[in-house]
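Remarks on the overall topology
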Amino acid sequence: MFIINKKISKFISFATFCIFALNIQQAQARSWQEIQQSGVLKVGLSGDYKPMSYYDKSGKLKGFAVDMTTDLAKYLGLKVKFVKFTWPTLSQDLANDKFDMAAGGVTLTKKRSKQFLFSEPVVKNGKIILINCKNKKPLSTLNDINKPDVKVIVNPGGTNQIYVDKHITKADVILTKNNFANLQGIRDGLADAMITDSIEGNYYQATEKNVFCVASKILPGTSSVKAYMVKKNNKILVNKINTWLNGSEKNSIIAHWGLQP
């Protein structure tokens, strides 16, 4: 009995070692040389954040980030492969090397910059209050929406939830499963307001007139930038991204999508 247990113990120890070694290998991002050799740049996108990345009615992935990273890959002499992430798992997915870079509306924050490298800014941004245009409540300031009789809807895992958790202490907060449910709640009048990026708010105000209205200016202290996020050991990739960002092609893509450089 003792011998059997000892063998089992050795087997478990060996299996544990294998798992540990595998985890170390997964934790190491692909080097620029490995990316080059593969011929493919793996780009993480959420697919739920217009105009950054979204699926059209035919199921095709479209958006500003799609156009930008496709052009980036072409500049690097690579093909692009899009990998879907969710906002709650974004950092962990990149840490697990599911893709080489995260794009599609990633906000540069102090917390993220401690763990990852960021490119130079891609577009400017800030938080705004988005409402249904038919809603007649005064909802243009943080004080307006931070009241017990106001329902604020928010998608999980991103900077929108971080802002709401910190600043919305009195309102009825509705946490949805994703950004689609978030926006649908405003369309259907199930919530009074949502906190979102000015990029997204301005897009929906322009494309769904008389449904979505941007009710506020950029909220104080929320001015930010969107950038590309990669792992710490991918400095060569970041440098190449920055060289491309300083080229002229970026500006024409930004203008096409009506964003602010």
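Residues numbered from 1 in each chain as written. Predicted model: local features only at pLDDT ≥ 70, side-chain atom pairs only at ≥ 80, totals over all residues. Heavy atoms only, no water.

**Points about the overall build of the protein**
Here is the rule: A helix here means a DSSP run of H or I that spans at least four residues, while a strand means a run of E at least two residues long, and both kinds are numbered starting from the N terminus. For every residue, the accessible area obtained with a 1.4 Å probe (protein chains only) is divided by the maximum for its type, and the residue is called buried under 20%, exposed over 50%, and partly exposed between those limits. Contacts: residue pairs with any heavy atoms within 4.5 Å of one another. Working definition of accessibility: Shrake-Rupley area with a 1.4 Å probe, residue cover restricted to the visible protein chains.
The helix and strand inventory of the protein stands at eleven helices and 15 strands. The buried share of the protein, taken over its 261 residues, is 47%. For the protein, contacts bridging at least 24 residues in sequence account for 71% of all contacts bridging at least 6. Here the protein displays about 13900 Å² of accessible surface, and carbon together with sulfur accounts for 56% of that area.

**Observations concerning the layout of surface pockets**
To keep it simple, the criterion reads: Think of a 1 Å grid over the protein atoms and nothing else: a 1.4 Å probe that fits but is trapped marks a cavity, an open set flanked by protein within 12 Å on at least five of seven lines marks a pocket, and residues with an atom within 4 Å of a point count as lining. Grid points are joined across faces, edges and corners, and a volume is the space filled by probe spheres set on the points. Any residue that is not Ala, Val, Leu, Ile, Met, Phe, Trp, Tyr, Cys, Pro, Asp, Glu, Lys or Arg is counted as polar, Gly included; the first ten are nonpolar and the last four charged.
In this structure, the largest pocket occupies an estimated 670 Å³ of space. Along the wall of the largest pocket there are 25 residues; nearest its centre are T107, T109, T159, I162 and Y163. Of all the secondary structure elements, the ones that give two or more residues to the lining of the largest pocket are α4 (90–95), α5 (110–115) and α7 (159–167). With five residues, α7 is the single largest residue contributor to the lining of the largest pocket. For the lining of the largest pocket, the per-class residue count stands at eight nonpolar, twelve polar and five charged. Volume-wise, the second largest pocket comes out at about 220 Å³. Lining the second largest pocket are 13 residues, and of these S198, I199, N202, G258 and L259 sit closest to its centre. Looking at the lining of the second largest pocket, the elements with two or more residues in it are β8 (123–125) and α9 (198–207).

**Things to note about the confidence of the model for the protein**
Detailed reading of predicted coordinates is not advised where the pLDDT is low. Stated formally: Confidence per residue, as judged by the predictor, is encoded in pLDDT with a range of 0 to 100.
Across the protein, the average pLDDT comes to 89, with 89% of residues at or above 70. The model gives residues 1–26 a pLDDT under 50, and that stretch makes four contacts with residues more than four places away or in other chains.

**Here we look at the environment of S119**
Position of S119 relative to the elements: it lies in the loop between β7 (116–118) and β8. The sequence separation of S119 and T243 amounts to 124 residues, and the corresponding C-alpha distance is 9.8 Å. Residues within four places of S119 in sequence aside, it is in contact with A227, Y228, V238, I241, N242 and L245.

**Remarks on the sheet that holds strand β2 (residues 48–49)**
The test is simple: Here a strand pair is declared whenever DSSP counts at least two bridges between the two strands.
With antiparallel pairing, three strands are arranged side by side in an open sheet as β2-β3-β4. Each edge of the open sheet is held by one strand with a lone partner, namely β2 and β4 (61–62). Pairing geometry for β2 and strand β3 (residues 53–55), over two bridges, is antiparallel. Among the inter-strand pairings, D48 is bridged to a residue of β3, identified as Y54.

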